[in-house]
Amino acid sequence: MRGLPVLRVLGGLALGFLAFLLARSGLGVPLALVLGAVVGAAGARFLPRMALSRVLWAIPLFLLLLFVAIQLMFLAPGDPFASEKNTSAAVREEQGKKYGTLDRSFVGGAVFFRRYVENLVADGYMGPAIKVEGRSVTELLLPALPVSLTLGLLSLVIATALGMTLGIRAGLKPGSLADGLGMGVSMIGVSLPSFVIGALLILVFSLKLGWLPVAGWGGFRHLILPAITLALPYAAYIARLARSGTIEVMTQDFVRTARAKGLAESEVVMKHAFKGAIVPVVSYLGPAAAQIMTGSFVVETLFGIPGMGQYFVKGAVNRDYYVVLGTMLLYSGFVILFNLLVDLAYAQLDPRVRERG
Amino acid sequence: MSALDAAPAGSVAPPVARGIGPWAQAWRRLARNPWAVVGASLLLLVGLLCALGPYVIPGFPDPESTNPANHNQGPSGAHWFGTDSLGRDCFARVLVGGQMSLLVGLVATFVSVFIGTLWGAVAGYYGGRLDEVMMRFVDFLYGIPYMFLVILITLMFEDKDRGNSLPIFAALGAVQWLSMARIVRGQVIGLRHQEFVLAARTAGASDARIIGRHILPNCVGPIVVYATLTVPAVILLESALSYLGLGVDLSWGRLVDEGVAVINGIQVDWWLLLFPSLFLAVTLLSLNLVGDALRDAVDPKTRR
């Protein structure tokens, strides 16, 4: 290695700092410091360069996102107190001062941004939930976070498993009946809004057959329909990716060699086709995670699930600024975290990335 | 376009016969693809019906005129697609809503093509540090759930005048340009060191002229393909916004949302869901079919 690996050191520091911020509210400062140091050091040592540079870039871009979001919200007409009846101008001014939302100019937005970031870094404080008296954003969102994460991750797993299965089957025999059927279904999957698919699933499985609950949140049974609804469009897209990946790999010389040396067809598929299909799919998982998370706004509304999506939409409509920023931060944080994992997996799968790292 | 300009696009596939240019070849491949023909025909049908239907069909009902005495009627000779809970004619609403959905799709796609092409062309052409910063920005936006920005931009324009749907177009277009930027950048990087670009530069052409006159015309294929696939994505996104109560007043998304609301197992006004969903699905399906076929036609490498 030549010279000081600047990127590794800086990336490790950034990663450790982020881990510290995330862990602090749960573990307390001393433990979180230890955790941050361990994560940072491990990251600097083992993560591919690409992933480290991504972490490093994430911090300024994260701040940019916050800044833009605040300016957009301040530009939007209306304020958090506009809908409350019988509030005099004086009271509204008082409240505006209290929450830092009085000055809605560009400069006012910048001041708000500074205060917000200071609070976040110094205490991990995400502000008060303006519309829910006496609760902080953290208290409001903490119970909703596992709900959204469970739904999102389960959907991602279903989408990947279903999409890969359909796509590889179709790609092994392009032009066959299985191919036509699979691709036809996936075409329809990407051509219908998820709330229509969800409503039809409710109609059949809940109202007509009575197998699954219509809506709400409780056990595993409540998860099935929403997770499938959320997963289907992504399963369709993943199937198309896996199909073209499989077709591509099956025409390669090493597949012919594998067959020529007498490998069973099932082994050819498992060893080679699978690998060819999974590479494009893995690189899609990052964006897919981001979209599944926001796709859950609709699905959470449809199935009445108490996740974070409803807080974002409600918060945006009510101009509950701190709730909006809090949900954005949590969602984006997890998407970035997930992207890191995807980068790692990708580096394992693709030797070109691994060696550069 | 001179033969020299067109050379890179044509070099992809060996010519079928002498004198047939790459575009003519692509067109032939497209016309031979039955799915493309089906998709294009359906698209034309739906497009014409929505665009002209309200003006040429005699006695076309007003989509907003209510008639309480005539509510929740099933499809009949008087009301082809039935009526909703306020007695409004669903056929009229589906067609007029379709105008809005198609307009949203087209305008937002235009915005996304404009931003994406410009961004990708500049990043790819100049390369280096500028390219890295610009593409990192794109990577980052990819990682951010874009619904946040859409909703925030939508709110910004939310005024007393709810009929004004321009901001929704802008918001949807403003988040859909990322893939376009990546695709155009990739194309431009492949083109910027070709001899004809070098020749133009030697002749003293400015960067803007080289990009606009020599490089972008060679990217038209992928741009058109991806634009075709952006339209359905935007229409779908608008329908999700409608479902969350943030979309435009009358669109397929809004109608489908109203249709979903009446699916409750007690009262089944199936026509309220079926017809808008059918129009929406057929349009999106056709656009996806045509987009896929265009991709195969323009870039034969992907064809199997």
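Predicted, not measured: the structure shown is a model, and the values here were computed from it. (Residues numbered from 1 in each chain as written. Chains lettered and ligands numbered in written order. Predicted model: local features only at pLDDT ≥ 70, side-chain atom pairs only at ≥ 80, totals over all residues.)

A. Just the overall build of chain B, in detail. The helix and strand inventory of chain B stands at 13 helices and zero strands. Its helices and strands taken in sequence order, chain B reads α-α-α-α-α-α-α-α-α-α-α-α-α from the N to the C terminus. Across the 304 residues that make up chain B, the buried fraction comes to 45%. Put simply, 70% of the contacts in chain B that link residues at least 6 apart link residues at least 24 apart. (Helix = DSSP H or I, 4+ residues; strand = E, 2+ residues; numbered from the N terminus. Buried ≥ 20, exposed ≤ 12 C-beta atoms within 10 Å, placed from the backbone. Contact = placed C-beta atoms within 7 Å.)

B. Region of the structure containing the overall build of chain A. Scanning chain A from terminus to terminus reveals 15 helices and zero strands. The buried share among the 357 residues of chain A stands at 42%. For chain A, restricting intrachain contacts to residue pairs at least 6 apart in sequence, the fraction spanning at least 24 positions comes to 72%.

C. Structural detail: the packing of helix α4 (residues 90–126) of chain B against helix α11 (residues 220–243) of chain B. Residue and element names in this part refer to chain B. Put simply, α4 and α11 touch, their axes get as near as 8 Å, and they point 130° apart. If you check the angle between α4 and α11, you find them oblique. Between α4 and α11 lies a crossing whose hand is right-handed. Contact residues: α4 offers Ser-101, Val-104, Gly-105, Leu-106, Ala-108, Thr-109, Ser-112, Val-113 and Thr-117, while α11 offers Ile-223, Ala-227, Thr-230, Val-231, Val-234, Ile-235 and Glu-238. In terms of residue class, the contact of α4 with α11 is made up of nine nonpolar, six polar and one charged. (Axes fitted to C-alpha atoms, helices over the stretch in contact; angles between N-to-C directions. Parallel < 35°, antiparallel > 145°, perpendicular 65-115°, else oblique. Left-handed = near helix turned anticlockwise from the far one by under 90°. Nonpolar A, V, L, I, M, F, W, Y, C, P; charged D, E, K, R; others polar.)

D. Representation of the nonpolar core. Counting residues in each nonpolar core, the largest one holds 176 residues, and the members touching the most others are Ala-231, Ala-235, Ile-238 and Ala-289 of chain A together with Val-104, Leu-172 and Ile-215 of chain B. By residue number, the principal contributor to this core is helix α10 (residues 220–250) of chain A, which donates 17 residues. Aside from chain neighbours lying at most four places away, what touches Ile-238 of chain A is Ala-159, Thr-160, Gly-163, Met-164, Gly-167, Val-281 and Tyr-284 of chain A. (Core = buried A, V, L, I, M, F, W, Y, C linked by C-beta atoms within 7 Å.)

E. How the structure looks around the interface of chain A and chain B. Between chain A and chain B, the contact holds 39 residues from the first and 32 residues from the second. Tallied by class, the residues present in the side of chain A that touches chain B amount to 32 nonpolar, seven polar and no charged.

F. Spotlight on helix α2 (residues 29–46) of chain A. All names here are of chain A. The terminal C-alpha atoms of α2, which comprises 18 residues, lie 25 Å apart, in line with the 26 Å expected from a rise of 1.5 Å per residue. Along α2, the positions that sit buried rather than exposed are Gly-36, Gly-40, Gly-43 and Ala-44. For α2, the angular spread of the buried residues around the axis is 95°, confining them to a single face. Residues of α2 that are exposed and point more than 90 degrees away from the buried face comprise Pro-30, Val-38, Arg-45 and Phe-46. (Expected span 1.5 Å × (residues − 1). Arc of directions from axis to C-beta.)

G. Spatial organisation of helix α8 (residues 178–191) of chain B. Taking 1.5 Å of rise per residue, 14 residues should cover 20 Å, and α8 of chain B covers 20 Å from first to last C-alpha, within 8% of that figure. When α8 of chain B is considered as a whole, its buried residues turn out to be Leu-178, Met-180, Ala-181, Arg-182, Val-184, Arg-185, Gln-187, Val-188 and Leu-191 of chain B.

H. Molecular detail of the packing of helix α12 (residues 252–261) of chain B against helix α13 (residues 270–298) of chain B. Residue and element names in this part refer to chain B. At a minimum axis distance of 8 Å, the contact between α12 and α13 shows a crossing angle of 150°. Here α12 is positioned roughly antiparallel relative to α13, judged by the angle of their axes. As α12 runs across α13, the sense of the crossing is left-handed. Where α12 abuts α13, its residues Trp-252, Leu-255, Val-256, Glu-258, Gly-259 and Val-260 lie against Leu-272, Leu-273, Pro-276, Ser-277, Phe-279 and Leu-280.

I. Representation of the confidence of the model for chain A in the model. When the pLDDT values of chain A are averaged, the result is 78; 90% of them are 70 or greater. Taking the mean pLDDT of every element in chain A, the minimum, 56, falls on helix α15 (residues 351–356) of chain A and the maximum, 85, on helix α7 (residues 144–172) of chain A. (pLDDT = per-residue confidence, 0-100.)

J. Here's a closer look at the environment of Arg-32 of chain B. If you trace the backbone, Arg-32 of chain B turns up in helix α2 (residues 22–32). Sequence-wise, Arg-32 of chain B and Ala-293 of chain B are 261 residues apart; in three dimensions their C-alpha atoms are separated by 9.9 Å.

K. Looking closely at the environment of Gly-253 of chain B. Among the structural elements, Gly-253 of chain B can be located in helix α12. In this structure the C-alpha to C-alpha distance between Gly-253 of chain B and Gly-47 of chain B, which are 206 residues apart in sequence, comes to 16 Å. When sequence neighbours within four positions are dropped, the list of residues in contact with Gly-253 of chain B reads Pro-193 of chain A together with Ser-101, Glu-238, Ser-239, Leu-241, Ser-242, Tyr-243 and Gly-247 of chain B.

L. The confidence of the model for chain B, seen in detail. All names here are of chain B. In the predicted model, chain B carries a mean pLDDT of 76, and 80% of its residues have values of at least 70. Taken element by element, chain B is modelled with least confidence in helix α1 (residues 3–10), mean pLDDT 46, and with most confidence in α4, mean pLDDT 85. Low pLDDT, under 50, characterises residues 1–11; the predicted model gives this stretch 17 contacts beyond four residues in sequence or across chains. With a pTM of 0.77, the predicted complex shows an ipTM of 0.74.

M. Quick peek at the environment of Gly-333 of chain A. Along the chain, Gly-333 of chain A falls in helix α14 (residues 321–349). Spatially, the C-alpha atoms of Gly-333 of chain A and Val-9 of chain A are 21 Å apart, while their sequence positions differ by 324 residues.

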